[in-house]
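Remarks on the overall topology
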Amino acid sequence: MPLRHFAKWALIAPALALLLLLFITPIGWFIAESLAELGSASEVWLEAKAVLGSRAILGAILNTNGIALTVTLMVLAIGYPLSYALSRARGLAFSLVLICVVIPYFTSVIVRTYAWMVILGRNGLINQVLLGLGLAREPADLLYNRTGVIIGMTYVLLPYMVLTLYAAMKAVDPRLLQAAEGMGAGPLTVFAKVFLPLTLHGVTAGALIVFILALGFFITPALMGGPGDVMMAMLIEREIELSQNWPVAALMTIVLLAITLLLYAVYARFADRTEEGFAR
Amino acid sequence: MTGSILRLAAIRLLVVLLCTAMLAPIAIVVIASFSGDGYLKFPPDSLSLRWYLRFLGDPRWLAALWNSFLVAAMTCLLATALGFLAAYAMARGHFSFRRAITALLLMPLIVPHVVTAIAMYFLSARLGLIGVRPWIAVAHSVVALPVVLVILQSALKTVDPNLERAAMIFGCTRAGVFRRVVLPLALPGLVSAMLFSFLTSFDELVISLFLAGIRAETLPVRIWNSLLLEVEPTIAAVSALLIGVTCLALLAEWAVRQARERSATATR
């Protein structure tokens, strides 16, 4: 039953109002007022150049992109076979694999981070195994450095990739694979020439979403990283929490938001196109 | 022939290993929470409930549990109510800026939570609303809304508009149609939406970190504050509790879906 003009806007208005009042307006207001503290437009521009040229902030921007890229590649390498298994499994096996992906997905990020701190710590499981087997003389440093951050973030972001890839793999018509096999292609050829190209849009979508989420990560790098692993979101939080430096926080927020929204626009474009492709 | 069997076995082994790696961290936390040792160690030398008892005997942890529960309950009601109305409008109305509206509604999932949290802190500090639980619930609703919308939009797709037309032809009012036709048919989706918005709030850390102050510390905030000091085993017990809540919510959601499928086959 189509809704009349007034009714549809009345129904959607409360949700839009919530976002406008508690999301859009505060972000805009915080940035505008923090920058206004600096004075005129030219003074803001000078400060922006100084801040963005500073070593700490350039370092954080580079760190953030480096960590996000590494995590995206790791998640892709682990997520692809897992999604493949999920898309091929039936019955009990399907439920079991799904449970292994969904339970971590809905568990609090801080709990998942804490779990890896328990595993990777100096007295943690991995170090006990390494020492017990005589593979290491002294505990390996797996926590409070880049290794810890990468492992933790890969674990937290893996379900996003698996669920995105699963949708793409589920849409592949199995008869295409059978046809390729029937015409004499070996399993590797079927994979490289048929299955991979047909799931490539899922790879791009999953990689973009994981990269976007990794860029804004805060909890996991803050708890598992060392002094050299400061990411942009952590730096923004520190500017507010420790030094009450709102203008610098606002400038960094603009950079982080710009990268995030740009990539999201690419993602949205891309998702639209694949949907249209399917409709055809 | 043996080649393909070997390959199949290798793929199976890889999948079993990956699945184990996905669940292992969660299982390890649950097992470590029952440790009887004085400090955190895995595997524990002895088992006991001492860390649960310490959690239950500490008024600060209990207050955090109560805060988390209250905020999550309020978030779940607010986000589901707003999300249901919006999802219904999107399903039945024709919007000229449909894509822009959808992008806006999903934006809180994409924008880094630190940015959202700082902006909300900026606003709340001016309004004197730091540490006010209903306000934290309103803030959590912003990030729970996209979750609810995605679930309810797909749930409303299964409600046939012709049923609503039929009810109106037989003299039902618009409000009556909503209450007697749309709500019952969308009920399983509504339950899922409520469960997942509850979980979103119950597990949320970054926004709570900025808005909770000292008065309204939630469980994740309390975990965060203690993790910065030391990795004490009480956190394992609290984490196991959070994992338990997640599993319960997922189980309830599954049960609702099963019940609906059974009733669907029964009416057929």
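Residues numbered from 1 in each chain as written. Chains lettered and ligands numbered in written order. Predicted model: local features only at pLDDT ≥ 70, side-chain atom pairs only at ≥ 80, totals over all residues.

Re the overall build of chain B
Each helix and strand in chain B was counted, giving eleven helices and zero strands. Along its sequence from the N terminus, chain B presents helices and strands in the succession α-α-α-α-α-α-α-α-α-α-α. Overall, the C-alpha framework of chain B stretches about 70 × 70 × 35 Å when taken along its three principal axes. The contacts of chain B with a sequence gap of at least 6 include a subset with a gap of at least 24, amounting to 75%. (Helix = DSSP H or I, 4+ residues; strand = E, 2+ residues; numbered from the N terminus. Contact = placed C-beta atoms within 7 Å.)

What to know about the nonpolar core
Counting residues in each nonpolar core, the largest one holds 158 residues, and the members touching the most others are Ala214(A) and Ile118(B). Ignoring any residue separated from it by four or fewer positions in sequence, one finds Ile118(B) in contact with Phe30(A), Ile236(A), Ile240(A), Ala249(A) and Phe210(B). (Core = buried A, V, L, I, M, F, W, Y, C linked by C-beta atoms within 7 Å. Buried ≥ 20, exposed ≤ 12 C-beta atoms within 10 Å, placed from the backbone.)

Quick look at the interface of chain B and chain A
In this assembly, 66 residues from chain B lie in contact with 62 residues from chain A. Among the elements that make up the side of chain B that touches chain A, the one with the highest residue count is helix α1 (residues 2-33) of chain B (twelve residues).

Looking at the packing of helix α3 (residues 59-92) of chain B against helix α8 (residues 174-203) of chain B
All names here are of chain B. Running from N to C, α3 and α8 point in directions that differ by 140°, and their axes come no closer than 8 Å. Taken as axis vectors, α3 and α8 run oblique relative to one another. Crossing geometry of α3 relative to α8 is assigned as right-handed. Contacts between α3 and α8 involve Ser68, Val71, Ala72, Thr75, Cys76, Ala79, Thr80, Gly83, Phe84 and Tyr88 from the first element and Val182, Leu190, Ala193, Met194, Ser197, Phe198, Ser201 and Phe202 from the second. Looking at the contact of α3 with α8 residue by residue, the classes come out as twelve nonpolar, six polar and no charged. (Axes fitted to C-alpha atoms, helices over the stretch in contact; angles between N-to-C directions. Parallel < 35°, antiparallel > 145°, perpendicular 65-115°, else oblique. Left-handed = near helix turned anticlockwise from the far one by under 90°. Nonpolar A, V, L, I, M, F, W, Y, C, P; charged D, E, K, R; others polar.)

Describing the UniProt feature "transmembrane region" (unreviewed entry) in chain A
Residue and element names in this part refer to chain A. Taken from the UniProt record, the annotation "transmembrane region" (unreviewed entry) applies to residues 56-79, 91-108, 148-169, 203-226 and 246-267. Helix makes up 100% of residues 56-79 and strand 0%, and the two end C-alpha atoms of the span are 33 Å apart. Structurally, residues 91-108 is divided into 83% helix and 0% strand, and its ends, taken at the C-alpha atoms, are 28 Å apart. (UniProt positions renumbered as here; feature names shortened; annotations may be inferred.)

As for the UniProt feature "transmembrane region" (unreviewed entry) in chain B
Residues and elements named next belong to chain B. Under the UniProt annotation, "transmembrane region" (unreviewed entry) lies at residues 12-34, 61-88, 100-123, 135-156, 177-199 and 234-256. With 96% helix and 0% strand, residues 12-34 has its two end C-alpha atoms placed 32 Å apart. Between the C-alpha atoms that bound residues 61-88 the distance is 40 Å, and the span itself is 100% helix and 0% strand.

What to know about helix α11 (residues 232-241) of chain A
The element α11(A) is largely enclosed, with a buried count of eight among its ten residues. If you check which residues of α11(A) are buried, you get Met232(A), Ala233(A), Met234(A), Leu235(A), Ile236(A), Glu237(A), Glu239(A) and Ile240(A).

Some thoughts on the confidence of the model for chain A
Residues of chain A with pLDDT of at least 70 account for 96%, and the chain-wide mean is 90. Below a pLDDT of 50 lies the segment residues 276-280 of chain A, which in the model reaches one contact outside its immediate sequence neighbourhood of four places, other chains included. (pLDDT = per-residue confidence, 0-100.)

Comments concerning the UniProt feature "domain: ABC transmembrane type-1" (unreviewed entry) in chain A
Within this structure's numbering, the places UniProt gives as "domain: ABC transmembrane type-1" (unreviewed entry) are residues 61-267 of chain A. This span, residues 61-267 of chain A, is 79% helix and 0% strand, and a straight line between its end C-alpha atoms measures 21 Å.

Let's talk about helix α9 (residues 187-215) of chain A
Taking 1.5 Å per residue as the helical rise, α9(A) with its 29 residues ought to reach 42 Å, whereas the 37 Å between its terminal C-alpha atoms falls clearly short. Within the span of α9(A), buried status applies to Thr199(A), Gly202(A), Gly206(A), Ala207(A), Ile209(A), Val210(A), Phe211(A), Ile212(A), Leu213(A), Ala214(A) and Leu215(A). (Expected span 1.5 Å × (residues − 1).)

Notes on the environment of Ala252(B)
Residue and element names in this part refer to chain B. Mapped onto the fold, Ala252 is located in helix α11 (residues 233-267). Overall, Ala252 belongs to the partly exposed group, with 14 C-beta atoms counted inside 10 Å. Between the C-alpha atom of Ala252 and that of Ser192, which follows or precedes it by 60 residues, the distance is 8.5 Å.

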